[in-house]
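Secondary and tertiary structure notes
Chain by chain, the residues:
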Amino acid sequence: QVHVVESGGGLVQAGGSLRLSCAASGRTLNNDRMGWFRQAPGKEREFVAAIAWHSGRTDYADSVKGRFSISRDNAKNTMSLQMNSLKPEDTAVYYCVASPDYGMTRYWRDYSYWGQGTQVTVSS
């Protein structure tokens, strides 16, 4: 069992930056995958980014590629999402996710563990 907790959301103006963090507890991550999803009011859950814990391989949604960067700290069992050049359409609740599986996926059902979410609001 893995427990994940997000932090770092907030309010920022368009063009600004925010850094989200996710702390994983319960066991040391190894052959896992972690990632971020987001959901805006009235919209479906959307894949943002993912990272393979062992290799560090990453994947990004086209909407955030070049602006967001996902990374992990193996020693601290933490993951981060650096968000730059934020746009109003990035406004959503962001969820940290994890799964004890090897391989990359953008499908939300493939992730077993979810955090409570953190609100990111980008004003125009």
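You'll find the structure just up there.
The following refers to the structure shown.

Attention now goes to the environment of Phe-37. Structurally, Phe-37 is set in strand β4 (residues 33–39). Separated by 10 residues in sequence, Phe-37 and Phe-47 have C-alpha atoms that sit 4.6 Å apart.

Even without being glycine, Asn-77 reaches a positive phi, approximately 60 degrees. Along the polypeptide, Asn-77 turns up in the loop between β7 (68–73) and β8 (78–83). The backbone of Ser-85 shows a phi angle near 50 degrees, a positive value even though the residue is not glycine. For Ser-85, a relative accessible area of 42% corresponds to the partly exposed category.

With that out of the way, let us pick up the nonpolar core. Met-34, Trp-36, Met-79, Leu-81, Met-83 and Tyr-94 are the most contacted members of the largest nonpolar core, which totals 36 residues. Put simply, the parts of the chain that give this core at least two residues each are β3 (18–25), β4, β5 (46–52), β7, β8, β9 (92–99) and β11 (118–123). If we skip the residues at most four places from it in the chain, Leu-81 touches Leu-18, Arg-19, Leu-20, Trp-36, Val-48, Ala-49, Phe-68, Ser-69, Ile-70 and Tyr-94.

This part is about the side chain of Asp-32. Secondary-structure assignment places Asp-32 in the loop between β3 and β4. The exposure class of Asp-32 is buried, given its relative accessible area of 5%. At 2.7 Å, the side chain of Asp-32 and the backbone nitrogen of Asn-30 are in polar contact.

By secondary structure assignment, the location of Asp-90 is in the loop between β8 and β9. Note on Asp-90: relative accessible area 0%, which makes it buried. Among the polar contacts made by the side chain of Asp-90, one reaches the side chain of Arg-67 at a distance of 2.7 Å. Excluding residues within four positions of it along the chain, Asp-90 makes contact with Arg-38, Arg-67, Phe-68, Ser-85, Val-120 and Val-122.

What follows is about the pattern of salt bridges. A complete count under the given rule lists 7 salt bridges for this structure. A salt bridge links Asp-32 to Arg-27; the nearest nitrogen and oxygen atoms lie 2.5 Å apart. Note that Arg-33 is salt-bridged to Asp-101, the shortest N-O span being 3.6 Å. Taken together, the residues Arg-33 in strand β4 and Asp-101 in the loop between β9 and β10 (113–114) connect sequence positions 68 residues apart. Classification of Arg-33 as buried rests on a relative accessible area of 8%. Salt bridges here are not isolated pairs; linked through shared partners, they connect Arg-38, Glu-46, Arg-67 and Asp-90.

On to the pairing of β7, then. The pairing of β7 with β8 spans 6 bridges and is antiparallel. Bridge pairing in β8 links Phe-68 to Met-83.

Procedures and definitions
Residues numbered from 1 in each chain as written. Predicted model: local features only at pLDDT ≥ 70, side-chain atom pairs only at ≥ 80, totals over all residues. Heavy atoms only, no water. Helix = DSSP H or I, 4+ residues; strand = E, 2+ residues; numbered from the N terminus. Buried < 20%, exposed > 50% of the residue type's maximum accessible area, 1.4 Å probe, protein only. Core = buried A, V, L, I, M, F, W, Y, C linked by side-chain atoms within 4.5 Å. Contact = heavy atoms within 4.5 Å. Polar contact = N/O pair within 3.5 Å; in protein donor to acceptor, adjacent residues only side chain to side chain. Salt bridge = Lys/Arg side-chain N within 4 Å of Asp/Glu carboxyl O. Pairing = 2+ DSSP bridges.

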